[in-house]
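# Secondary and tertiary structure notes
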Amino acid sequence: MHLLEGRHHIVIPCSPGVTPFLVRELRDLKMPIIDERSTSVTTKGDFTDVLRLNLNLRTGQRVLWRLAAFEAADPDQLYDKLMPLPWEELVAADGYFSVTSVVDTPTIRDSRFANLRVKDAIVDRLRRCCGRRPDSGPLRDKLVFHLFWQQNKVKFYLDTSGPTLAQRGYRLDPGKAPLRETLAAALVLASGWNGAKTLVNPMCGSGTLAIEAALLAQNRIPGLLRQAYSFQFLLGYKNMELLSLQAQARRVSRPDRKTRLIASDIDPQMIKVAKENAVRAEVDDVIEFVTCDFAQTPVPEGGGVLLCNPEYGVRLGEEEELKATYRRFGDFLKQSATGYEAFIFSGNRNLLKEIGLRPARRWFFDNGGIACELAAYPLYAGSLIKPEIN
Ligand SMILES: C[S@@+](CC[C@H](N)C(=O)[O-])C[C@H]1O[C@@H](n2cnc3c(N)ncnc32)[C@H](O)[C@@H]1O
């Protein structure tokens, strides 16, 4: 059977905390859940599903198609098991591929050596059967293979995405301290916002939260924005299936759906960047951008969701300054956001305490190696606002 035929395990890595949202997305796409881990979810499907997942997923990092699973005790056994596979079905003899890996096995000290043995196996097979050899190197913009080797268990994948799916294609200028698009999408999903009510996003920075929210509300899939995936470099790949899946997605998107999103930032340069990003994401007509201090952000009557990612300062001395900002933000919520549910994403628990409200719910994430949380504060009229207990 051709390496791309049949139903295979498909692994989707994600960042810590995102798993429940990724599982929900997969269920919505009618994919089975085979395994859930803190940083990945495994499903099963055919190669058309691989394309669908690459196009549709908002919270997954990449889509890995399992090509082989076997045991290997050392690099020579790894080479011996990989070399006989028909790599000529996937890699053009004059093509290019790269190898990534996660390796934790006693015979390998430097994972680059494992990558080298993988490269040797694929190149040697192609040289033998085609008389020519493909190039290999670190660039992940063409074919990418991924080795997962733990103790003596090897799982070998085609990384069908290449560059992470967080790279939607709309954010050319990330601004300062941007959220990864996949994490921003998970935060919007956690807030439960569905476009029916207003979404207010003070301190919007480059606009990632507001843009991901707008894409979600209008059912626009990320794959309509991104141009390149690793699977497009497979030998004999034809764009027809991708184009037809994109056309299907366009038919179910609702760019005319009216929804109200307000995004503000004190920095006019950030508002400029956010607007440019929204134009590229084709959602600039649904987001009202305002340059102002967060306390002046318009909060329309009628309630909704207020979602915010304030700075949380990692350098010494910043925390004291930011405490005043968080205290003032808490006052803004209490005075101006009645009827809303506020969600604040921060990497500093001490600062969140300065909000002066007790979170009704918290979700835990990781943002660039920093443990972060999303805290929910219902501010409904008449709801008891309890102070945070230290
Ligand atoms: C952590 S960044 C937000 C990043 C954003 N989530 C993104 O993905 O780009 C925090 C933003 O808060 C803004 N900010 C800081 N103090 C502010 C204030 N007093 N009023 C409004 N915005 C403020 C900064 O200009 C910065 O853009």
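Residues numbered from 1 in each chain as written. Predicted model: local features only at pLDDT ≥ 70, side-chain atom pairs only at ≥ 80, totals over all residues. Heavy atoms only, no water.

## Some points on the sheet that holds strand β15 (residues 370-378)
An order of β11-β10-β9-β12-β13-β15-β14 is seen for the 7 strands of this open sheet, with the pairing classed as mixed. Looking at the sheet topology across the chains shown, the edges are occupied by β11 (287-291) and β14 (361-367). Averaged over all pairs of adjacent strands, the angle between their axes in this sheet comes to 15°, without regard to strand direction. Taken together, the 3 bridges between strand β9 (residues 198-201) and strand β10 (residues 261-265) define a ladder with parallel strand orientation. Note on β10: the bridge partner recorded for Val200 is Ile262. (Pairing = 2+ DSSP bridges. Helix = DSSP H or I, 4+ residues; strand = E, 2+ residues; numbered from the N terminus. Axes fitted to C-alpha atoms, helices over the stretch in contact; angles between N-to-C directions.)

## Remarks on the environment of Gln218
In this structure, Gln218 sits in the loop between α6 (208-217) and α7 (240-252). Put simply, Gln218 and Val283 are 65 residues apart on the chain and 9.0 Å apart in space, counted from C-alpha to C-alpha. Those residues within four positions of Gln218 in sequence are excluded, and the remaining contacts are Ser253, Arg254, Pro255, Arg257, Val283 and Val286. There is a polar contact of 3.1 Å between the side chain of Gln218 and the backbone oxygen of Pro255. (Contact = heavy atoms within 4.5 Å. Polar contact = N/O pair within 3.5 Å; in protein donor to acceptor, adjacent residues only side chain to side chain.)

## Regarding the site of the ligand
Lining the immediate environment of the ligand, one finds 19 residues, of which Ser206, Thr208, Asp265, Asp293 and Asn309 sit closest. The backbone of Leu179 places a nitrogen or oxygen atom 2.9 Å from an oxygen atom of the ligand. At 3.0 Å, a backbone N or O of Phe294 approaches a nitrogen atom of the ligand. The fraction of the free accessible surface of the ligand (610 Å²) that becomes covered by protein chains is 93%. (Near = heavy atom within 4 Å. Areas by Shrake-Rupley, 256 points an atom, 1.4 Å probe, with all protein chains shown as cover.)

## Brief notes about the pattern of salt bridges
Using the criterion set out here, one finds 22 salt bridges in the structure. Across the pair Asp76 and Arg117 runs a salt bridge, and its minimum N-O distance is 3.5 Å. Separated by 41 residues along the polypeptide, Asp76 in helix α3 (residues 75-82) and Arg117 in helix α4 (residues 111-130) bring together distant segments of the chain. For Arg117, a relative accessible area of 17% puts it in the buried group. Close ionic contact of Asp159 with Arg140 constitutes a salt bridge, the shortest N to O distance being 3.2 Å. One end of the pair, Asp159, is in strand β8 (residues 153-159); the other, Arg140, is in the loop between β6 (135-136) and β7 (143-150), and 19 residues separate them in sequence. Each of Asp76, Arg117, Lys119 and Asp120 takes part in a single network of salt bridges with overlapping partners. (Salt bridge = Lys/Arg side-chain N within 4 Å of Asp/Glu carboxyl O. Buried < 20%, exposed > 50% of the residue type's maximum accessible area, 1.4 Å probe, protein only.)

## Side note on the domain arrangement of the chain
The domains assigned to the chain are domain 1 (8-159) and domain 2 (181-221 + 255-378). The distance between the C-alpha centroids of domain 1 and domain 2 comes to 35 Å. Summing the contributions of domain 1 and of domain 2, the shared interface buries around 1100 Å²; its carbon and sulfur component is 62%. When residues of domain 1 are sorted by the area they lose upon contact with domain 2, Pro16, Phe21 and Arg58 head the list and together hold 55% of the total. Connecting domain 1 to domain 2 are 0 salt bridges. Joining domain 1 to domain 2, the criterion identifies 2 residue pairs in polar contact (both at pLDDT 80 or more). Among the secondary structure elements, those contributing two or more residues to the side of domain 1 that touches domain 2 are α1 (19-28) and α2 (47-56). The element best represented in the side of domain 1 that touches domain 2 is α1, accounting for 3 residues. When the residues that make up the side of domain 1 that touches domain 2 are grouped by side-chain class, the tally is 4 nonpolar, 6 polar and 3 charged. (Domains from an automatic or database assignment. Buried area = accessible area lost by both parts, 1.4 Å probe. Nonpolar A, V, L, I, M, F, W, Y, C, P; charged D, E, K, R; others polar.)

## Focus: the packing of α3 against α4
Between α3 and α4, the shortest axis-to-axis distance is 9 Å and the interhelical angle comes to 30°. Between α3 and α4, the angle falls in the class roughly parallel. In terms of crossing hand, the pair formed by α3 and α4 is right-handed. Where α3 abuts α4, its residues Pro75, Asp76, Leu78, Tyr79 and Leu82 lie against Phe113, Ala114, Arg117, Val118, Asp120, Ala121 and Asp124. Here the contact of α3 with α4 is composed, by residue class, of 8 nonpolar, no polar and 4 charged. (Parallel < 35°, antiparallel > 145°, perpendicular 65-115°, else oblique. Left-handed = near helix turned anticlockwise from the far one by under 90°.)

## Side note on the packing of aromatic side chains
Inspection of every chain in the model, using the stated rule, returns 13 aromatic pairs. Taken together, a centroid distance of 5.7 Å and an interplanar angle of 80° make the contact between Phe97 and Phe145 edge-to-face. Here Phe145 lies in strand β7 and Phe97 lies in strand β5 (residues 96-104), a separation of 48 residues in the sequence. Residue classification places Phe97 among the buried positions, given a relative accessible area of 0%. With centroids separated by 5.1 Å and ring planes inclined at 10°, the aromatic side chains of Tyr229 and Phe231 adopt a geometry described as stacked. Since its relative accessible area comes to 2%, Tyr229 is described here as buried. (Phe/Tyr/Trp six-rings, centres within 6.5 Å; stacked < 30°, edge-to-face > 60°.)

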